[in-house]
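Residue-level listing of the chains:
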Amino acid sequence: MPHKKKNDSIPQPTYKNIKMFAGLRNKQIGSNQPITKNDSLVYRQGFDFGFKHQGGMNPPPTNENLMFRGGRWEGQNTPNPMKESTRPNIITRGMNAIKGFFND
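Predicted model only: the values in this text are computed from it and were never measured.

Enquirer: Any details on the packing of helix H2 (residues 37-52) against helix H3 (residues 66-76)? Residues and values, ideally.
Expert: Two elements in contact, H2 and H3, have axes whose closest approach is 6 Å; the angle formed by their N-to-C orientations is 40°. The element H2 and its partner H3 pack so that their crossing is right-handed. In this structure, H2 contributes Asp39, Val42, Tyr43, Gln45, Gly46, Phe47, Phe49, Gly50 and Phe51 to the contact, and H3 contributes Met67, Phe68, Gly70, Gly71, Arg72, Glu74, Gly75 and Gln76. Per-class residue counts for the contact of H2 with H3 are 7 nonpolar, 7 polar and 3 charged.

Enquirer: Can you explain the packing of aromatic side chains? Please cite residues and give values.
Expert: What the rule picks out here adds up to 4 aromatic pairs. Ring geometry for Phe21 versus Trp73: centroids 5.5 Å apart, planes at 70°, classification edge-to-face. Of this pair, Phe21 sits in helix H1 (residues 18-29) while Trp73 sits in helix H3, and the two are 52 residues apart along the sequence. The exposure class assigned to Trp73 is partly exposed, which follows from its relative accessible area of 38%.

Enquirer: Can you lay out H1 for me, pointing to particular residues and giving the numbers?
Expert: Relative to the 16 Å expected for 12 residues at 1.5 Å per residue, H1 spans 16 Å between its end C-alpha atoms, a close match to the ideal helical length. Along H1, the residues classified as buried are Ile18, Phe21, Ala22, Arg25 and Asn26. All buried residues of H1 lie within an arc of 140° about the axis, which places them on one face of the element. Turned more than 90 degrees off the buried face of H1, the exposed positions are Lys19 and Lys27. Where H1 is buried, its residues meet H2 and H3.

About the criteria used
Residues numbered from 1 in each chain as written. Predicted model: local features only at pLDDT ≥ 70, side-chain atom pairs only at ≥ 80, totals over all residues. Heavy atoms only, no water. Axes fitted to C-alpha atoms, helices over the stretch in contact; angles between N-to-C directions. Helix = DSSP H or I, 4+ residues; strand = E, 2+ residues; numbered from the N terminus. Left-handed = near helix turned anticlockwise from the far one by under 90°. Contact = heavy atoms within 4.5 Å. Nonpolar A, V, L, I, M, F, W, Y, C, P; charged D, E, K, R; others polar. Phe/Tyr/Trp six-rings, centres within 6.5 Å; stacked < 30°, edge-to-face > 60°. Buried < 20%, exposed > 50% of the residue type's maximum accessible area, 1.4 Å probe, protein only. Expected span 1.5 Å × (residues − 1). Arc of directions from axis to C-beta.

Next up, the structure:
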């Protein structure tokens with residue numbers, strides 16, 4: 001039996017925008033195409049790209065289609081659990097140091 005990788009901390013796309021972007025694509029081309037497996041794959045590629053480029057890109061990637069853009073937007077707006085800090089920020093550390101000084 002192959003070993004499966006645990007995905008508990010790796011963000012996954014929710015595909016919440018895929019239906020909206022499929023509707024926009026259908027409106028642009030003037031047809032009623034269903035959402036395909038290829039659409040899901042392109043959306044996932046966009047999600048991965050957006051997750052790696054959290055700050056956004058200016059300008060966005062060239063030749064970006066609507067499915068890629070939807071995934072990219074979702075990826076850019078997904079918080080990265082690996083970047084969450086467990087150490088208090090500098091202001092909190094400074095306030096704690098001053099608090100101890102004035103309480104004596």
